[in-house]
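Chain by chain, the residues run as shown.
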Amino acid sequence: MALWLAQHGYPVHPLTPGAKTPAANCAACTRVEHPPHDCPCHSQRGWCHGFHAATTDPDTIRHWWQSRPGFGVGVSCGPARLVVIDVDAHTTNLPSRQRLLPGIPIPPAVDLTGLHSGFDTLALLAAHRGRPNPSEDTTTLRVRTPSGGMHIWYRAPRNGPPLRSSSGSSSKTALAWQVDIRATNGYIVAPGTRTTAGIYTALPGARQPAPLPLWLTAELTRTGHSLDTTLPPTPAVPSPRPRHPRPTGDSQRVLASLLEDVRACEASPSGMAFTEKLNRAAFTAGGLAQAGHLAEAECRDLLLQAATHARPHQARRNALIVETGLRAGSARPIHPKERT
């Protein structure tokens, strides 16, 4: 499995036999603290520092598993451009309603009876957004964990900013309660790995990760998972233009319709799926621009106008959503006749 993953571009590293933790450091690295990326062991085929040692080099991988056949297999998510949704099935007491879906109010009238795990909060998030439940997504690799949880593997947007790892129990950065994110600076246990608790088993369906759905990209951006540091701290508000532009051409009409949906969010200070609508408009604009139908600079200006009109007090977040959507969309050129 380790060689197969490496051949498909996923850097791997050893896990302690029978456990889901990285193999232990050598004695020297245990005694002397140093930056993981500068560890001299890596040039000598050492596996110190967990996912920092991950590689796709077949000779190194053969050396590792020939010397310790009992090693499990870990995958370093950042270099592999993976975003893995780690759903916990631990039954425990519920936190406050504000912690279940960070940033999304759950009114007292909503009955939470029967909500016990990450499967429930992930399903609740999907239902709130009107999207399919990722835990039932057979188009991507899903892995059942020995504890009854699930790892849902996705490919990160090719042109988007890196996404950070997080814990579902965090009060700062979290997608949903008991739903962890394994991405940059994180690793995931590969299917087929055996621990004392059981085997990580691939579920029926796809055997490779599918692209991260756009709505999940929007949710991860909304909840602070983006590591993009290239944007200015306070983006300038674009210069005034006609409030409701009516350009000609099929591609421009497609974008204008999506921009109207974004502007309509002005009617409500929260909700109305603003992030999703802005991300969808930006994704479409990126695809149309990449296909040569629109100028990217003009698209960015129009998108920021619409976002500022609907949410004038979150300029930096608006700009981040726009840039994320444009980059993701540029990987998939769109022609108006292709839209249904």
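The coordinates are above.
Keep in mind it's a predicted model, so treat the numbers as computed, not measured.

A. Geometry of the overall build of the protein. Looking only at helices and strands, one finds 11 helices and 11 strands in the protein. For the protein, the C-alpha radius of gyration of 22 Å lies close to 20 Å, the compact-globule estimate for 340 residues. Taking the principal axes of its C-alpha atoms as reference, the protein extends roughly 70 × 50 × 40 Å. Taking all 340 residues of the protein together, 48% fall into the buried category. Pairs at least 24 apart in sequence give 71% of the contacts found in the protein among residues at least 6 apart. For the protein, the accessible area works out to roughly 16,500 Å², and carbon and sulfur atoms hold 52% of it. Charged side chains in the protein number 35 positive and 23 negative. The centres of these two groups are separated by 2 Å.

B. Representation of helix H7 (residues 214-222) within the structure. Most of H7 sits out of view: eight of its nine residues are buried. For H7, every residue scored as buried is listed here: Trp215, Leu216, Thr217, Ala218, Glu219, Leu220, Thr221 and Arg222. Elements that come into contact with the buried residues of H7 comprise strand S3 (82-87), helix H6 (118-129), strand S5 (150-155), strand S6 (179-182), helix H9 (274-290) and helix H11 (315-330).

C. A look at the sheet that holds strand S1 (residues 12-15). Overall, antiparallel pairing links the three strands, which are arranged S1-S2-S7 in an open sheet. Among the strands making up the open sheet, the edge pair consists of S1 and strand S7 (187-189). Taken pair by pair, the neighbouring strands of this sheet meet at an average axis angle of 35°, ignoring direction. Packing against the sheet, helix H3 (residues 58-67) makes contact with S1 and strand S2 (72-76), and its axis sits at approximately 10° to S1.

D. Structural detail: the nonpolar core. Core analysis: the biggest nonpolar cluster contains 30 residues, and Val83 and Ile85 have the highest contact counts within it. Contributing elements (two or more residues each) for this core: S3, H6, S5, S6 and H7. Counting residues per element, this core draws most heavily on H6, at four residues. Beyond its immediate sequence surroundings of up to four residues, Ile85 is in contact with Leu122, Pro134, Met150, His151, Ile152, Tyr154, Val179, Asp180, Ile181 and Leu216. Ala2, Phe71, Trp153 and Tyr200 belong to the second-largest nonpolar core, a separate cluster that totals 25 residues.

Conventions we followed
- Residues numbered from 1 in each chain as written.
- Predicted model: local features only at pLDDT ≥ 70, side-chain atom pairs only at ≥ 80, totals over all residues.
- Heavy atoms only, no water.
- Helix = DSSP H or I, 4+ residues; strand = E, 2+ residues; numbered from the N terminus.
- Rg over C-alpha atoms; globule rule 2.2 N^0.38 Å.
- Buried < 20%, exposed > 50% of the residue type's maximum accessible area, 1.4 Å probe, protein only.
- Contact = heavy atoms within 4.5 Å.
- Areas by Shrake-Rupley, 256 points an atom, 1.4 Å probe, with all protein chains shown as cover.
- Lys, Arg positive; Asp, Glu negative; His and termini not counted.
- Charge placed at Lys NZ, Arg CZ, Asp CG, Glu CD.
- Pairing = 2+ DSSP bridges.
- Axes fitted to C-alpha atoms, helices over the stretch in contact; angles between N-to-C directions.
- Core = buried A, V, L, I, M, F, W, Y, C linked by side-chain atoms within 4.5 Å.

In short, shape yes, function no, at least from these values alone.
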